[in-house]
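Coordinate inspection notes
Given next are the chains, with one letter for each unit.
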Amino acid sequence: MLFGVLAARSDWSMLEILLVGLLGFTGSGQFAALPLSEHGADFLTLLLVTASINSRYLPMALSTVDRLPDGAFKRACCAHMLGDEAYASERDDDSPGVVLRIRLVIFLVWVLAGVLGAALGEVLSGSWLGDDLNLAFPASAVLLYLAASQLKNRIGSLQDDWRVTLMRVGLAAAGASGLLLLLGPVYFWGPGVLLATWLLGRSRG
């Protein structure tokens, strides 16, 4: 909803907000596109920035390919609807039908919330959205909870004793932190997800 509010206040049309949600479906990429578009960035620049941010989805997609449903169209749609929330909510033993439903619900909620936010953005007073108001905090809190739940599920399925498991978690956290410092907040996602998947997934039965 926050994206819709901010996009509407940046003079994006309702149709543009709807299409970006349907075709783009990238929270961080959509937020990154807002200031760029306000400063007159061309389409190629917007595409490259969004693609670089979304590169983190590649290792996520590769690690969940076995969960996709049969049929090229269903697989393509399910892959398109992969997001951080879906990745954190899914379990390794989820059936393709469950995975499709999880991703579809999150996808539709995101798109509809963007449209609703756009409608609200057109009627809300600008004074209601101060610079010191962190409207993204609830979403960050939800992602943190989902990440903790996913980590708990993965740890529970490891076939090592607790010392080795703790070491793996520590290495994953340290590696992600190092990649964040080395590559920055945009580019560390892909290698970080690959590292965590390798460390926490290689010993599962």
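Residues numbered from 1 in each chain as written. Predicted model: local features only at pLDDT ≥ 70, side-chain atom pairs only at ≥ 80, totals over all residues. Heavy atoms only, no water.

1. Some remarks on the UniProt feature "transmembrane region" (unreviewed entry) in the protein
Per the UniProt entry, the sites bearing "transmembrane region" (unreviewed entry) are residues 12-34, 100-121 and 169-190 in this numbering. Its end C-alpha atoms 9 Å apart, residues 12-34 is made of 83% helix and 0% strand. With 100% helix and 0% strand, residues 100-121 has its two end C-alpha atoms placed 31 Å apart. (UniProt positions renumbered as here; feature names shortened; annotations may be inferred. Helix = DSSP H or I, 4+ residues; strand = E, 2+ residues; numbered from the N terminus.)

2. Digging into the nonpolar core
Across soluble globular proteins, nonpolar side chains show a tendency to be buried alongside one another. Formed by Phe3, Ala7, Ala8, Trp12, Ile17, Leu34 and Ala118, the largest nonpolar core amounts to 7 residues. Top element by residues in this core is helix α1 (residues 2-9). It accounts for 3 residues. Contact partners of Trp12, with chain neighbours within four places excluded, come to Phe3, Ala7, Ile17, Val20, Ala33, Leu34 and Ser37. (Core = buried A, V, L, I, M, F, W, Y, C linked by side-chain atoms within 4.5 Å. Buried < 20%, exposed > 50% of the residue type's maximum accessible area, 1.4 Å probe, protein only. Contact = heavy atoms within 4.5 Å.)

3. A few points about the environment of Arg75
Within the secondary structure layout, Arg75 lies in helix α6 (residues 72-80). By relative accessible area, which is 30% here, Arg75 ends up partly exposed. The sequence separation of Arg75 and Leu100 amounts to 25 residues, and the corresponding C-alpha distance is 9.0 Å. Residues within four places of Arg75 in sequence aside, it is in contact with Val65, Leu68, Pro69 and Asp70.

4. Considerations on empty space enclosed by the protein
Per the stated rule, a full pass over the model turns up 1 cavity of 30 Å³ or more. No other element matches the 3 residues that helix α8 (residues 96-123) contributes to the lining of the largest cavity. Residues belonging to the lining of the largest cavity are distributed by class as follows: 4 nonpolar, 3 polar and no charged. (1 Å grid on protein atoms, 1.4 Å probe; cavity = no way out; pocket = protein on both sides within 12 Å on 5 of 7 lines; lining within 4 Å. Points joined across faces, edges and corners; volume = space filled by probe spheres on them. Nonpolar A, V, L, I, M, F, W, Y, C, P; charged D, E, K, R; others polar.)

5. Examining the packing of aromatic side chains
Summed over all chains, the structure comprises 2 aromatic pairs. Look at Phe3 and Trp12: their rings are 5.8 Å apart centre to centre, the planes differ by 90°, and that puts the pair in the edge-to-face class. We classify Phe3 as buried; its relative accessible area is 3%. Ring centres of Phe25 and Phe107 lie 4.9 Å apart, and the angle between their planes is 75°; this geometry places the pair in the edge-to-face category. In this pair, Phe25 sits in the loop between α2 (14-24) and α3 (27-38) while Phe107 sits in helix α8, placing the two residues 82 residues apart along the sequence. Just as Phe25 is buried, Phe107 falls in that class too. (Phe/Tyr/Trp six-rings, centres within 6.5 Å; stacked < 30°, edge-to-face > 60°.)

6. Notes on α8
Over its 28 residues, α8 runs 41 Å from end to end, which matches the ideal 40 Å to within 8%, given 1.5 Å per residue. Residues Val99, Arg103, Phe107, Val111, Ala113, Gly114, Gly117, Ala118 and Gly121 constitute the buried set of α8. Summarising the contacts, the buried residues of α8 are in contact with α1, α2, α6 and α7 (84-89). (Expected span 1.5 Å × (residues − 1).)

7. Details of the pattern of salt bridges
Applying the stated criterion across every chain yields a total of 2 salt bridges. Salt-bridge contacts for Glu90 lead to Arg103; the nearest nitrogen and oxygen are separated by 2.6 Å. Placement of the pair is Glu90 in the loop between α7 and α8 and Arg103 in helix α8, with a sequence separation of 13 residues. The two residues Glu90 and Arg103 agree in class, both being buried. One connected set of salt bridges, linked through shared partners, spans Arg67, Glu90 and Arg103. (Salt bridge = Lys/Arg side-chain N within 4 Å of Asp/Glu carboxyl O.)

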